[in-house]
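Observations on the model geometry
The residues making up each chain are set out below.
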Amino acid sequence: MVKKPVASNQQLTGILVNDEKILTELFYYWILRSKKILENKANKAVISILNNKLLRQIKITFPRKFEEQYKIIGRLNKIQELIDNRVEMIYLLDLFIRSVFIEMFGDPAVSKTKRIPLSELLIEVTGGWSSSDTENISRMNEDFYAILKQDSISLRRFNSNKNKVFLGNPPKNVNGVIVKKGDILFSRKNVLHLVGATAYVFEHTKKLIFPDTIFNLKCNKEKLNSLYLTHLFNDN
């Protein structure tokens, strides 16, 4: 929701609501919470498109009385404020972790210590596996195979719930692309600032496949600690 005039290309749609019927902020919250509805209404092409005609056909429900609309917005604003505060807290904790890392081991960008090629510290670098035979919904339980989404490691913490259920037959080498406790997952493909995002897997998982946009790094534990390497990538 913009606060001042902006310009955009044809890939963005600007919406002006009828403010005699619904408050703009309430419609904004409806859009945020109705992603699945919008996805289902979009054209099923290589790149899904929700054009103006399809957008106008979508029906929404909302209270007619403005007093009720204001009450709903007030409650949602309080919840959003709590979310924003939690996000900021996580960001500050990440900064604290990085500062402690640098304090203990020094800044690797300016350190004059001897540098060793990563190839001498890794036993194996494994690429993942992807398939189009998935649904854009997380699996119900670990009885089903699923493929990790890219944002499962974008925050530099492993989130096993960020996955797409896989309904086809797994590859013959499926055991080689299953996420395991102790793995280091490295994002090799993403938007520029998220390339290199790395997450350590602390938990046991079953039938969870990492995609071909993620590398799985195996450290030589006699030379390098896996958690140290994870923090090293994320601090640079």
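Conventions adopted
- Each chain has its residues counted from 1, running along the sequence as written.
- Reporting of local features is limited, given that this is a predicted model, to residues whose pLDDT is at least 70; pairs of side-chain atoms are given and counted only at 80 or more, and all residues count toward the totals for whole chains, interfaces and linings.
- Remark: hydrogens and water are excluded; side-chain values derive from all non-hydrogen atoms of the structure.
- For two strands to be treated as a pair, DSSP must find at least two bridges joining them.
- By the criteria applied, helices consist of DSSP H or I runs no shorter than four residues and strands consist of E runs no shorter than two, each listed in order from the N terminus.
- Lines fitted to the C-alpha atoms define the axes, with helices restricted to the stretch that makes contact. Angles between their N-to-C directions range from 0 to 180 degrees.
- The contact criterion used is simple: two residues touch if any of their non-hydrogen atoms lie within 4.5 Å.
- In plain words, nonpolar cores are sets of buried Ala, Val, Leu, Ile, Met, Phe, Trp, Tyr and Cys residues tied together by side-chain atoms within 4.5 Å.
- Remark: exposure states derive from per-residue accessible area (1.4 Å probe, protein chains only) relative to the maximum for the residue type, with buried under 20%, exposed over 50%, and partly exposed in between.
- Across the chain, each position has a pLDDT score giving the predictor's confidence in that residue, from 0 to 100.

**Some points on the sheet that holds strand β5 (residues 184-187)**
Ordered by their spatial adjacency, 4 strands build an open sheet running β1-β8-β5-β6, and the pairing between neighbours is antiparallel. A single partner strand is all that each edge strand has here, and the edge strands are β1 (122-127) and β6 (198-200). The average undirected angle you get between the axes of adjacent strands in this sheet is 25°. Relative to strand β8 (residues 214-219), β1 runs antiparallel, the two sharing 5 bridges. Bridge pairing in β8 places glutamate 124 opposite lysine 218. On top of the sheet, helix α5 (residues 226-234) reaches β1, β5, β6 and β8; it is set at about 155° to β6, its chief contact.

**Observations concerning the sheet that holds strand β7 (residues 208-209)**
An order of β2-β4-β3-β7 is seen for the 4 strands of this open sheet, with the pairing classed as mixed. Single-partner strands in this sheet number two, and they are β2 (134-135) and β7. One ladder, built from 2 bridges, connects β2 with strand β4 (residues 163-166); its direction is antiparallel. The partner of threonine 134 across the bridge, within β4, is phenylalanine 166.

**Quick notes on the nonpolar core**
With 17 residues, the main nonpolar core has Leu148, Ile153, Phe158, Val179, Leu185, Ile209 and Phe210 as its most contacted residues. Elements that contribute at least two residues to this core include exactly β3 (146-148) and β7. Per-element tally for this core: the top contributor is β3, with 3 residues. Setting aside its immediate chain neighbours within four residues, isoleucine 209 contacts Trp129, Tyr145, Ala146, Ile147, Leu148, Val174, Val177, Ile178 and Val179. Counting 9 residues, the second-largest nonpolar core is a separate cluster that includes Leu121, Ile184, Leu217 and Leu224.

**Observations concerning the confidence of the model for the protein chain**
Predicted coordinates in areas of low pLDDT are best not read in detail. On average, residues of the protein chain score 85 in pLDDT, and 93% of them are at 70 or above. Across the protein chain, element-level confidence peaks in β5 with a mean pLDDT of 96 and bottoms out in helix α2 (residues 35-41) with 75.

**Let's talk about the pairing of β4**
Side-chain positions along a regular strand alternate between the two faces of the sheet. In the sheet, β3 pairs with β4 via 3 bridges, with the strands oriented antiparallel. Within β4, the residue paired with alanine 146 across the bridge is valine 165.

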